[in-house]
Each structure stands twice: as structure tokens, then as C-alpha cells.
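# Observations on chain architecture
If you want the building blocks of each chain, they are given just below.
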Protein chains: 2
Amino acid sequence: MSEAFESRAFDAVDVIRTKRDGGQLSDPQIDWVVAAYTRGEVADEQMSALAMAILLNGMTHPEISRWTEAMIASGIRMQIPRDAVGGRPTADKHSTGGVGDKITLPLSPLVAACGAAVPQLSGRGLGHTGGTLDKLESIPGWRATVTGDEFMAQLRDVGAVICAASDDLAPADKKLYGLRDVTGTVEAIPLIASSIMSKKIAEGTGALVLDVKVGSGAFMKDVDRARELAQTMVALGGDHGVRTVALLTDMETPLGLTAGNALEVRESLEVLEGGGPDDVVELTLALAREMLTAAGMEGVDPADKLKDGSAMDVWRRMIAAQEGDPDAPLPEARETHVLPAPADGVLVRLDAYAVGVAAWRLGAGRARKEDPVQAGAGVVMHAKPGATVRGGEPLFTLHTDTPERFDRAAAALAEAVTIAPGDSRPDLRPLVIERVG
Amino acid sequence: MSEAFESRAFDAVDVIRTKRDGGQLSDPQIDWVVAAYTRGEVADEQMSALAMAILLNGMTHPEISRWTEAMIASGIRMQIPRDAVGGRPTADKHSTGGVGDKITLPLSPLVAACGAAVPQLSGRGLGHTGGTLDKLESIPGWRATVTGDEFMAQLRDVGAVICAASDDLAPADKKLYGLRDVTGTVEAIPLIASSIMSKKIAEGTGALVLDVKVGSGAFMKDVDRARELAQTMVALGGDHGVRTVALLTDMETPLGLTAGNALEVRESLEVLEGGGPDDVVELTLALAREMLTAAGMEGVDPADKLKDGSAMDVWRRMIAAQEGDPDAPLPEARETHVLPAPADGVLVRLDAYAVGVAAWRLGAGRARKEDPVQAGAGVVMHAKPGATVRGGEPLFTLHTDTPERFDRAAAALAEAVTIAPGDSRPDLRPLVIERVG
């Protein structure tokens, strides 16, 4: 009734009704509702109702683009002038999150070793997927927070910074993400896409590669939804002057052989030393090539930089620049427990979600934002799909400081694997499923 | 992610997701979410997301029935034993709200005069429709609040009580209604039906007649939606042992010739004196007959009780029992302003919503719950559709204590009428459109 009595320019209920009734929000409506929500004038219960209406009724691309713009405008938009970072072009990567996804760790120094600047603002983990900052914080001394000046100097001198995003970057997104998490409104492609892209555009990168995970361990379970998300984000990048490309990659099975903070740092070091699991190396190189291409550096072959040690050199300087000790021993869990393979045969399925939940229950992840994580906790896998296993031999090793958690972690893994007769071939899709861009 | 990590019996996000994804809520989910919301364990932003999902995805009848049951269970359920009220059967009426809808005022004493007990728990107005309590509070001395003992004694001795609902009656509904009002989730039939019926069932009436308004001045603009609401509520009454019937009635045009608190009391007194506008008399008698039939008193003709003064006698006793002075002069607005008919012809349209907004702007209604209302403010109409009018003669008289409001009220009425050439016949639907029950 307020439209008849009051004379405010906008009213939250009118905005909600527009979307609820299947209409398109106007630019001024979007600008107002995002800004007023950030200021606290639009209440949480109003924004959650709007988020549910967006989830169920969708948004057109112009609406999503404007919504993203409004989220960026809620905070500062960084600039990374090329001459301030030693002439390096900027390129960043974002993953929608998966189990064992430590790719940022070898990838950032690798791309920096190729000559680009990698401004990688990262987050902590929540739920069954780990967070890049949690992993790096297992390195003694390393700190996630850097000042703006430190950030620019490290980009120029080292070429890569992995650090926590400033609270000034898209504060509307921070507030809205927390709200969506408790109101069943996370799974809306317009809101996911604008959340990711507002932060990445505000951080000032010139090129962006998105790793959109698909499968049991990922947020997106099916390729069609993942493709829709990828296309939406690639278009948003284009709308805002960021050269953006996306790879849809498999997350039915974990990446590599480890899920857990220090365990994944150790595996990343193997890759930087020129070894490591095939899938981690393959995806690191695929994403590095996309980042270099998007940054206008097609000619550089990142595989060389793994072999010649220059990526490892950047890693060591990157860790040291944030007060980490690259030579310090990594923390190890106090207790381990081995789970054997239940039968002889070929491992044809290793479920990423189950492994993620097991690692989480062991202490590698958190249920609430304020929970601590254990640096040494997690799951080591002794076989990946396609491998032959023998009943009774180790299949998983569980790591934790709190051994009372073994039972619940083992329960998560009870249905995680399928072992088929010895002549079976698992029906595995390629790691890189599709390219969008 | 909480389902994997935590072991709570219920989780608000799971309930929201169930409805968001088009599923049916289980009885335990409904019981838990309504109770936990009332206790404050489910947050406003979670309930508003659920309300939006209910609005957009609907509810099955078993879900609506259980939801209503859970709302009733959030507070006390009154009992009105027949022998405690002098052997009278109980019957109540509820209107979904319209402009000029003063029917409760003559109807309650009329039905009581016929021998039934009428336990009429009412509300205050918000927006362009007035509230029964606001109207009665224009009578000097009258108070809306009665104790439980006073309520039962008045029902027994007078036969009718119109009073404010206790806070103990369906508190879940009170909280949820306030939330829906600010989150664009009022217009969900499952939530409207359960809101109305939870209070009416909890108040303990044995029979209930619903006046479901349809038209510009009503909440429901079209007959199909109104019918769906009526059918839902009639079924809910049956589920919970209350004999319930509904009339769909016209609200394209205001009821009677007045909209405003004291103005409507005065018009109600005309009806109780055996006069009054035809439409008000017709609807009062139609609803009275339905109430008497639902209460098992088919033989009584309420028209007799208007003619012989017995309804007026009950009115006087009902007002006096709540400390009102039935003989005191009613308040009058300090200022009046006449709006003339713009042309000669036949009035073929008089828009209820416009008249409601004008009365509201003059001070008869409130924009916020805590606002005061003016007893004397409102609109008097000098013609109804079908009448011949002459250009320049009075069409509306505006009443207010705050004459600076005349302009905005007049603006609301600028497009309120259509005057057609003198031989036109307005295409009016009947006042009682349909009966559901």
C-alpha cells in the first residue's frame, strides 16, 4: 500500500513484487536495492525474499550485469596499472570449488614465472570444499593479509600474490553471500555469477580464467547448469572489460591424491618440483595456458617453467614475501588411520563429495565461518579411478589431531568407492570437459 | 552442507530447499518450522525465503491444513461451551477486507438478536481498508480490550462481542503476518488462508461465514483467485471442525455511501434502525442468513430483527458492555470539502480502491501499525453506480481534521468515476457473486 501513501523513490516491497511476478528489474531498482541493502536500509528478510524470487524466476542478462555492477559499486574498484607491476599483464583464476582443488597453489607462481602478474584474492573454506587461504596458512609464518602497497609491490617484484580479499571489495557481496547461505538461496545462477564476478572485476585483473567444476564434489552437479553459469560469467567479464574464459572441469573424483590443508601444500610442491599427480599437472597447465592466452602471452609454454624450477623459485619468493618459511617442515596430524580396499579389482569410482566430507569431519574444514581448521588433517588416497587395487591393502589414510573423528570420517567413505572385476574399464570423462569463451 | 556435519533433527535451510525445489513439506517439517519461527530459532530472513518459495511453488491441501494446525498450536485454542453462553450456538463472520465494509457492525448484533452467540475478534486497519476496531473506537468510551471472563459473560448476556484478539491466539500468525507485509509475500493463498483460519479456529467458533471480497478495492482482484481462496478456507474449516461457508462478494465499488470510521458507524446505525443503503442491508442479511444456517438456526429470519428494533437493542447493550455510550454524539471532522460531479449523466463506475485511498489520505486509515487514525475523517459518496448525476452537484464530500490533506485525497479520486451518457446502464455484477461451501 505504501506506493499510494508515501513518496519514497523506491520501496523494497515493490522491487520484490516486480521479480516475484516475473518482471524485469529496472537499472534504478537494482542500483537502489543493492546499495540500500549494503547500508542496512533494506532488511535481511526483504533481501532473502528477493533472492528466492530471483532463484525461482531468474534474471535476464542485462539484469545480472547491472546487479554485478551495483555489487562492484558497493565498494572500491582496484586498478592494477601495467607500469606499476613491471609491465606485466594481469591474469587471475577462479575455481567454483572442489575436493582436493589445490590448483591455485602451483598455478599462481607458474603463471608469474611465465611473466604475468597474478593478483589472486582468495577465501577460506566452508563445508566440504577447502579454501586456498586455509591451505597456505598451514605453512609456518605465512599470513593472508597484505596492505595495498604490499600487494602492488609483491605483484611487481614476485609476480604473484595469494591473499585475503579486502573488506572494501564488493561488501554487498559479502553481506549477501552470508544471507544466501542460511536462506536456501545459494543455488541461483544470477546470484552465483554476480557474486564471483563482482569480486574478480573489482580486484582489477585484466584477464580471468574460470574453473567451473562439475560433479558430485562440486556445487554444480550437471554439465548443463555448469555451462549456463560459465556462459553467464564469461559474458559478465566481457561487459566489464575483463577478458574472461571458462573451463568446465570434472569433479566426480577428487583432484590429486590428497584432500586437506598441509597435505595439499605438499602435493603442490611435488608439482612445482616437476612431479605430482597427472591430473593436477594437467589441469594446472591447462589453466596456465588459458591465463597466458587471455593475458596476450600465447607464445609462452608453462610446462617449461615447471621443469626448469622457475615456478618453484617464484613460489618460494611468494611465500617468503608474506612471512612464510618455504623451508619449514609442514605440520602433520597427530594420528593416522588406514582404511583398506574392500576387494580385489579395478577402482571405477571414487566419489569426490564423500572424500570432501571425510576430510571436513577429520578437521580440515569448518562448519561455521568462525571455526578453526586443523592444518594436518585430511585424507590421502592411495588409488584413483582406473587403478587396480587389492583387497586389504591401503585405500585411504585418514589424518587428524582428534582421533575420535575417525569413525565419522570412515562412515563418510563407506559408499565412496566402487571396485569392479579386474578386466573392467572405468567410464571416465575427460578432466577438461568443455571450454566456454 | 549442514546435513552431513550436524545432527539436528531439522534445519531451516533443508525445509526452505524442499519447498524451493517444488517438494511437499512433511508434517514434522511444518510443525518444527512454525514452532521454531515463533520461538525465534528460525530467523526472519529464513521464514521470508520460505514464504516466497510457498508463494511461487504453492502448497498441497494437506500442507496448508498442517500449517494452519501448527499456527493454531503456537498459542491457546479457546473453547466456547454452549452451556457457558446460555445455550446459544456460536457463529462468526470474517471479511477479507474492503472499502466501506462496515458490515460487522450491524451484523453481529443482528445475529445475536436471532439467538446465536457472535464471538467477533477483529483487527485494526492498515492501508486503504478500514478496521472494525478503528470504527468502533470512534464511539466515545468504547474499548476494544476485554478479559476472557468478560468475553464469555458478554457472549452469554448480550450475545455479541466485537473485540481485539488476544496476543495468545495464533502468535505465529501475528509474527508471520508482520513479516509477509514487508517482504512481498502477502499474496500467497496458502498463507492468507492459514492466517485467517488459524485465528478463527483458535477463537473457538462453531460456525464461520467468510466474506471474500473481489474487485479493485479488495485484496483479490479476480474471481478465480477469490474462489480458490474461499475453497481453501472452507476446506480448512472442515478439517478443524468448524462449519464454514464463504460468499464471494463484489468490491469494485465501495459498500454503502461512507468510508471512514465514525461515518461508517453512523451508516451502520441507519441499518439497525431499519434504513440504510440497499447494498449494506442486502449483504448484512445475506451474511446473517448464512451464519444462522451454519449455526443450525435455519428458521429465523434476520430481516424481522432489523424491523422490530431487537438488533438495535443488542447493539446498544453490546456497546455499553464495553463502556461505550450508544447515545453520545459521534465525532465529526473539523473540515469538509465537496467535490462536484464533472458532467451530467449516469454514474457507471465508482472505484473502491480510489475511495479507500482517499479516505486513508484524509486520516481515516494508517500507513504504519503505530499511526493514529482520525475518528471523523473519510469520504461520503452522494451517488452510487446506476444513479443519474448532474455536473456541478456534489459527488463526494471529504471529511478531515487536517485540511492540508484535501488535495491528495482529491487526486486519488480524480480517476475514480466514469459518467456515461444519460441513457447508459452500468454493467454491474451482483453483490453476492457466488457461494462456496
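Residues numbered from 1 in each chain as written. Chains lettered and ligands numbered in written order. Predicted model: local features only at pLDDT ≥ 70, side-chain atom pairs only at ≥ 80, totals over all residues. Heavy atoms only, no water.

## A look at the overall build of chain A
Of regular secondary structure, chain A possesses 17 helices and 13 strands. Relative to the compact-globule value of 22 Å for 437 residues, chain A shows a C-alpha radius of gyration of 22 Å, a close match. In terms of overall dimensions, chain A has a C-alpha envelope of 75 × 50 × 35 Å along the principal axes. Relative to all contacts within chain A whose residues are 6 or more apart in sequence, the contacts with residues 24 or more apart total 79%. As displayed, chain A has an accessible area near 16400 Å², and 50% of this comes from carbon and sulfur atoms. Here chain A contributes 44 positive and 63 negative side-chain charges, whose respective centroids are spaced 1 Å apart. (Helix = DSSP H or I, 4+ residues; strand = E, 2+ residues; numbered from the N terminus. Rg over C-alpha atoms; globule rule 2.2 N^0.38 Å. Contact = heavy atoms within 4.5 Å. Areas by Shrake-Rupley, 256 points an atom, 1.4 Å probe, with all protein chains shown as cover. Lys, Arg positive; Asp, Glu negative; His and termini not counted. Charge placed at Lys NZ, Arg CZ, Asp CG, Glu CD.)

## Points about the interface of chain B and chain A
On the chain A side, the residues contacting the 34 residues of chain B number 35 residues. Summed over both sides, the interface of chain B with chain A buries roughly 3000 Å², with 63% coming from carbon and sulfur. In this structure, the connection of chain B to chain A is made through four salt bridges. In this structure, the salt-bridge partner of B:E187 is A:R20, at a minimum N-O distance of 2.7 Å. For the interface between chain B and chain A, the tally reads nine residue pairs in polar contact (both at pLDDT 80 or more). Breaking the side of chain B that touches chain A down by element, the ones donating at least two residues are α1 (2-5), α2 (12-20), α4 (44-57), α9 (171-182) and α16 (352-364) of chain B. Looking at which element gives the most residues to the side of chain B that touches chain A, the answer is α4(B), with ten residues. In terms of residue class, the side of chain B that touches chain A is built from 16 nonpolar, seven polar and eleven charged. (Buried area = accessible area lost by both parts, 1.4 Å probe. Salt bridge = Lys/Arg side-chain N within 4 Å of Asp/Glu carboxyl O. Polar contact = N/O pair within 3.5 Å; in protein donor to acceptor, adjacent residues only side chain to side chain. Nonpolar A, V, L, I, M, F, W, Y, C, P; charged D, E, K, R; others polar.)

## Topic: the environment of B:A412
Residues and elements named next belong to chain B. Along the chain, A412 falls in helix α17 (residues 406-413). The class for A412 is buried, based on a relative accessible area of 17%. Distance in space between the C-alpha atoms of A412 and V380 is 14 Å, their sequence separation being 32 residues. Beyond its immediate chain neighbours, meaning those up to four positions away, A412 contacts A354, V357, A358 and R361. (Buried < 20%, exposed > 50% of the residue type's maximum accessible area, 1.4 Å probe, protein only.)

## Observations concerning helix α3 (residues 27-39) of chain B
All names here are of chain B. Its 13 residues give α3 an end-to-end C-alpha distance of 18 Å, which sits within 8% of 18 Å, the value for a rise of 1.5 Å per residue. Within α3 the residues assigned to the buried category are Q29, I30, W32, V33, V34, A36 and Y37. Once α3 finishes, G40 follows within two positions and takes phi at roughly 90°, a positive value. (Expected span 1.5 Å × (residues − 1).)

## Considering the confidence of the model for chain A
Residues and elements named next belong to chain A. Residues at a pLDDT of 70 or more form 98% of chain A, whose mean pLDDT is 94. In this model residues 1-7 is a low-confidence stretch, pLDDT under 50, and it forms 19 contacts with partners more than four residues away in sequence or in other chains. In the predicted assembly, ipTM is 0.87 and pTM is 0.89. (pLDDT = per-residue confidence, 0-100.)

## Notes on the pattern of salt bridges
The tally for this structure, following the rule as stated, stands at 60 salt bridges over all chains. In this structure, A:K199 engages A:D173 in a salt bridge whose closest nitrogen and oxygen atoms are separated by 3.2 Å. One end of the pair, A:K199, is in helix α10 (residues 189-202); the other, A:D173, is in helix α9 (residues 171-182), and 26 residues separate them in sequence. Take A:K199: its relative accessible area is 34%, and that puts it in the partly exposed class. For A:D173, a relative accessible area of 3% puts it in the buried group. Among the salt bridges present, the one from B:D211 reaches B:K213, with a minimum N-O distance of 2.8 Å. Through salt bridges that share partners, A:D14, A:R17, A:R20, A:D21 and B:E187 make up one connected network.

## Re the relation of the copies chain B and chain A
The transform that puts chain B on chain A rotates by 180° and translates by 0.0 Å along the axis, for an RMSD of 0.0 Å. Here the transformation between the copies is reduced to the relation of a two-fold axis. Relative to the rotation axis, the C-alpha of B:E45 is the closest in chain B, positioned 1.9 Å from it. Comparing interface residues between copies, 100% of those in chain B also sit at the interface in chain A, which points to an isologous, same-surface contact. (Least-squares fit on C-alpha atoms with pLDDT ≥ 70 in both.)

## Looking at the domain arrangement of chain A
One can read the domain layout of chain A as domain 1 (3-73), domain 2 (82-321) and domain 3 (335-420). On a C-alpha basis, the centroid separation for the pair domain 1 of chain A and domain 3 of chain A is 43 Å. (Domains from an automatic or database assignment.)

## A short note on the sheet that holds strand β10 (residues 388-389) of chain A
Residues and elements named next belong to chain A. In spatial order, the strands read β10-β8-β12; together these three strands make up an open sheet with antiparallel pairing. Edge strands, defined here as strands with exactly one partner in the open sheet, are β10 and β12 (417-420). As defined by bridge partners, strand β8 (residues 345-350) adjoins β10 across two bridges and the pair is classed as antiparallel. The residue of β10 that forms the bridge with G345 is V389. (Pairing = 2+ DSSP bridges.)

## Here we look at the sheet that holds strand β10 (residues 388-389) of chain B
All names here are of chain B. The three strands are arranged β10-β8-β12 in an open sheet whose pairing can be described as antiparallel. Single-partner strands in this sheet number two, and they are β10 and β12 (417-420). Where strand β8 (residues 345-350) lies against β12, four bridges are found, and the strand directions are antiparallel. Within β12, the residue paired with L347 across the bridge is I419.

## Quick word on unusual backbone geometry
Positive phi is not limited to glycine here, since A:A170 has a value of about 45°. In this structure, B:E323 takes a positive phi of about 70° despite not being glycine. By secondary structure assignment, the location of B:E323 is in the loop between α15 (310-321) and β7 (335-340).

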